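Geometric and topological summary
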Amino acid sequence: MPDPLLLVALTFLLAGFVKGVVGLGLPTVAMGLLGLVMAPAQAAALLVVPSLVTNLWQLFAGPRFGGLLRRLWPMMAGICLGTWAGAGLLTGADAGRATIALGTALVAYAVFGLVGPRFSVPPRVERWWSAPVGAATGLVTAATGVFVIPAVPFLQALGLEKEDLVQALGLSFTVSTLALAAGLARDGALPLAAAGTSLLALAPALAGMAAGQWLRLRVRPEVFRRWFFIGLLLLGLDLALRPLL
């Protein structure tokens, strides 16, 4: 069995690298890999600091924070309410059930990334869907520690400019991280020891993110994304099926 701190460091180095190349994926990769060796609630506690800092970096690096917040606040409110309502799902369920939920979420995200149809959300219906999509994202976050479904497909469907989309993802992920941390703290699943380890995981996450951003300028991101989703699909299948075998 590898040293736990070394395992955490290598996991967040890889997760940060993926985020640096494709702009997302740090919590997804970290939860998927750590979920192989620990309960999802423990993995989610380690995720808090690296996810929060890297997403704040992504959020405030963009050009239109105020405008995006005014546009997307119903979705952000839905994320908070959904995560708070489902906060016991990750900590209260047995480890096997939570691991199956995590694996299923990763498979769904990977399949959508590989073969999902391109669709758009017209402005006239955006306001009606924003809060329900946020609430659904919050429930998935509360159950699995992964906050990409259905938030990422929805934001991609709004027709935002590239930099606005990256900033909108940073906003969504930041709110999801804070809501998840609040839920874990409420249920006593965010001990000081986990917070300290989460802080230590920040350095490799930032190093991986910097390396990924460097590589992003030298390789085609769509090729990397394809292999990222294939790897995520295999990882999700392993997590979802292992407790059943």
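These notes cover the structure that comes with them. Bear in mind the structure is a predicted one, so any value in this text is a computation, not a measurement.

With that out of the way, let us pick up the pattern of salt bridges. Within this structure, the stated rule accounts for two salt bridges. The closest approach of N and O atoms between R64 and D164, which form a salt bridge, is 2.9 Å. Taken as a pair, R64 in the loop between helix 3 (40-60) and helix 4 (65-85) and D164 in helix 9 (residues 162-186) lie far apart in primary sequence, 100 residues in all. Between E126 and R71 there is a salt bridge whose closest N-O contact spans 2.9 Å. Here R71 lies in helix 4 and E126 lies in helix 7 (residues 123-144), a separation of 55 residues in the sequence. We classify E126 as buried; its relative accessible area is 8%.

Our focus in this paragraph is the packing of aromatic side chains. On inspection of all chains with the given rule, the structure shows four aromatic pairs. The interplanar angle of 50° and the centroid separation of 5.2 Å between the aromatic rings of F228 and F229 together place this pair among those described as tilted. What makes F228 buried here is its relative accessible area of 10%. On the basis of relative accessibility, which here comes to 2%, the residue F229 falls in the buried class. Members of the aromatic cluster, each reached through a chain of ring pairs, are Y109, F228 and F229.

Let's shift gears to the nonpolar core. A general tendency of soluble globular proteins is for nonpolar side chains to be buried together. The biggest cluster of nonpolar side chains holds 57 residues, and the ones touching the most others in it are F12, L72, M75 and L155. Elements represented by at least two residues in this core include exactly helix 1 (4-22), helix 2 (26-34), helix 3, helix 4, helix 6 (95-115), helix 8 (151-156), helix 9 and helix 12 (221-241). Here the element with the most residues in this core is helix 9; it accounts for eight residues. Other than its neighbours up to four places away in sequence, L155 contacts L72, M75, L160, L165, A168, L169 and S172.

Our focus in this paragraph is the packing of helix 4 against helix 9. The geometry of helix 4 relative to helix 9 is characterised by a closest axis approach of 9 Å and an angle of 30° between their N-to-C directions. Of the possible angle classes, the one that applies to helix 4 and helix 9 is roughly parallel. Note on packing geometry: the crossing formed by helix 4 with helix 9 is right-handed. Contact residues: helix 4 offers F65, L68, L69, L72, M75, M76, I79, C80, T83 and W84, while helix 9 offers D164, Q167, A168, L171, S172, V175, S176, A179, L180, A182, G183 and R186. Grouping the constituent residues of the contact of helix 4 with helix 9 by class yields 15 nonpolar, five polar and two charged.

About the cut-offs
- Residues numbered from 1 in each chain as written.
- Predicted model: local features only at pLDDT ≥ 70, side-chain atom pairs only at ≥ 80, totals over all residues.
- Heavy atoms only, no water.
- Salt bridge = Lys/Arg side-chain N within 4 Å of Asp/Glu carboxyl O.
- Helix = DSSP H or I, 4+ residues; strand = E, 2+ residues; numbered from the N terminus.
- Buried < 20%, exposed > 50% of the residue type's maximum accessible area, 1.4 Å probe, protein only.
- Phe/Tyr/Trp six-rings, centres within 6.5 Å; stacked < 30°, edge-to-face > 60°.
- Core = buried A, V, L, I, M, F, W, Y, C linked by side-chain atoms within 4.5 Å.
- Contact = heavy atoms within 4.5 Å.
- Axes fitted to C-alpha atoms, helices over the stretch in contact; angles between N-to-C directions.
- Parallel < 35°, antiparallel > 145°, perpendicular 65-115°, else oblique.
- Left-handed = near helix turned anticlockwise from the far one by under 90°.
- Nonpolar A, V, L, I, M, F, W, Y, C, P; charged D, E, K, R; others polar.

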